[in-house]
Amino acid sequence: MTDAVLFENAAILDGTAEGAVPGHVLVESGAIKEVSDKPIAASAARRIDLKGRTLMPGLIDAHVHVVAGVVNLGLNAMLPDAVVAFRAAKIMNGMLMRGFTTVRDLGGCTHGLRMARDEGHFDGPRLNISGKALSQTGGHCDFRGRHDTRDTAFFAARLGSLGRLVDGVADVRRACREEIKAGADYIKIMANGGVASPTDPIAFVGFSREEVLAAVEEAENAGTYVAAHLYTDSAIHRAVDCGVRSLEHCNLIQAGTARFAAERGAIACPTLVTYQALKDEGATLGLPAESVAKIDDVRLAGLRSIEIMCEAGLMMAFGTDLLGDMHRHQSEEFVIRGEIQPAIEVIRSATINAAKLLMSEGKIGCVAPGAHADLIVVEGDPLKDLSLLTRQGQHLSAIMLGGRFVKDQLAA
């Protein structure tokens, strides 16, 4: 029995062209072996005539938190590791069934969780991880509140904690080295205040310049990069000037900084859907009152930030940053961005742009020989209707991960 699959008469859409192109795709041994505009001879393969349906690379969400099973992240950090792990497996399976075959975790996911996924204990997307995000005391991963005096080392060992607390250049260096040793693909720092944490207003600036530079140097020494949680224009500009490559959120960015970031080769990863979801459901799902009060500080500026970054030519990847039961809104980011960007640019954000951010060009986010056979079949044309990528995968008739169908509603 062969594992080869031949998709015939597909409309191939991966963002490398301005639209879909007709073609045929042969999959063998978990990878894409051949892509052609002419019929492919493969007598042993399962032949699937797509009859012009859209064939896309598996989607990439470049900003997730797979361990965030509840919205209140302080409570999430207190849960037993086993509970966090089983909830994370369910969260990741949901992502995969929405067509996301790769996700980049921005704080919390460990190499152990990735091992469990890779060993086949559950079906989930490929994982690109930062390990624990780094936060200074009182920063965006310090969920202790005003009167909680637990030691700052408490959170580092808990699976449900998105981050760990470090202070000073020496501590930052050691933490970066420890996370990379433990399997991190890149380093994440909290360089601004945030919504979900109790003691840091949005305008709060995380880490000294010297600490940020130390993180960047340690990442570069390991052949990787730093991603930073950022909202305010001044914090974004400082981070780019220090060599930060991946700019998360960026809701309050201004035109000059966006141009500066583009010139430096940085990539932005907006996450607009999470603010709408937090506004609509956060309080009901347990988000503390002090966090609810901060949502509109960044939510209302979100759409304008997309316009600013588009005009500046700043590359953007697709991200969502959802928590708890709000993960089900993941695909709605496509529709939100489609209000501002052309559909092809939104598609690129979740394919070729995200692959570049993850330093995996040619392996994910594209339909090309040598790439992983991570593919989705869409019933319709997402360039005409981005909502075809929403509704929990309802319009995806097939999802393939590494050459294996995890969803298959296609006739042979």
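Residues numbered from 1 in each chain as written. Predicted model: local features only at pLDDT ≥ 70, side-chain atom pairs only at ≥ 80, totals over all residues. Heavy atoms only, no water.

## Some remarks on the overall build of the protein chain
Note the threshold: Each helix corresponds to a stretch of at least 4 residues labelled H or I by DSSP, and each strand to a stretch of at least 2 residues labelled E; elements are numbered beginning at the N terminus. Put simply, the radius of gyration uses C-alpha atoms, and a globule should come to 2.2 Å times the residue count raised to 0.38. Burial classes follow relative accessibility: with a 1.4 Å probe on protein chains only, a residue under 20% of its type's maximum area counts as buried, one over 50% as exposed, and anything between as partly exposed.
Scanning the protein chain from N- to C-terminus turns up 14 helices and 17 strands. Relative to its length of 412 residues, the protein chain is compact, with a C-alpha radius of gyration of 21 Å against a globular reference of 22 Å. On the principal axes, the C-alpha backbone points of the protein chain span a range of 70 × 45 × 45 Å. Here the protein chain holds 412 residues, and the buried ones make up 59% of them.

## Focus: the nonpolar core
Our working definition: Among the buried residues, those of types Ala, Val, Leu, Ile, Met, Phe, Trp, Tyr and Cys that are joined through side-chain atoms within 4.5 Å form a nonpolar core. Residue contacts are counted whenever heavy atoms from the two residues lie within 4.5 Å of one another.
Val66, Ile189, Leu247, Met309 and Phe334 are the most contacted members of the largest nonpolar core, which has 98 residues in total. Element by element, the count of residues in this core is highest for helix α2 (residues 81–97), at seven residues. Those residues in contact with Ile189, other than ones at most four positions away along the chain, are Leu134, Phe207, Val212, Ala215, Val226, Ala227, Ala228 and His229.

## Quick word on the pairing of strand β3 (residues 31–36)
Rules: Following DSSP output, two strands are said to pair if at least two bridges run between them.
Of the strand pairs in this sheet, strand β2 (residues 21–28) and β3 are connected by five bridges, and their pairing is antiparallel. Bridging from a neighbouring strand, Glu28 pairs with Ala31 of β3. Between the end of β2 and the start of β3, which pair antiparallel, lie two residues, with Ser29 showing a positive phi angle near 50 degrees.

## What about the packing of aromatic side chains?
Here is the rule: Think of it this way: a Phe, Tyr or Trp ring, Trp meaning its six-membered ring, pairs with another when their centres are within 6.5 Å, and the plane angle makes it stacked under 30 degrees, edge-to-face over 60, tilted otherwise. Two conditions define a charge located above a ring, namely a distance within 6 Å from the ring centre to NZ of Lys or CZ of Arg, and an angle within 35 degrees of the ring normal.
What the rule picks out here adds up to six aromatic pairs. Taken together, a centroid distance of 5.6 Å and an interplanar angle of 35 degrees make the contact between Phe100 and Phe318 tilted. Of this pair, Phe100 sits in strand β7 (residues 100–105) while Phe318 sits in the loop between α11 (302–312) and α12 (332–338), placing them 218 residues apart in sequence. When its relative accessible area of 0% is taken as the criterion, Phe100 is described as buried. Arranged with centres 6.2 Å apart and planes meeting at 65 degrees, the rings of Tyr231 and Tyr275 form a pair that is edge-to-face. Linking Tyr231 in strand β12 (residues 226–232) with Tyr275 in helix α8 (residues 272–282), this pair joins segments that are 44 residues apart in sequence. With a relative accessible area of 2%, Tyr231 lands in the buried category. Across the ring face of Tyr186, the terminal group of Arg104 is positioned such that the distance to the ring centre comes to 5.2 Å. Between Arg245 and the ring centre of Tyr225, over which it is positioned, the NZ or CZ distance is 4.9 Å.

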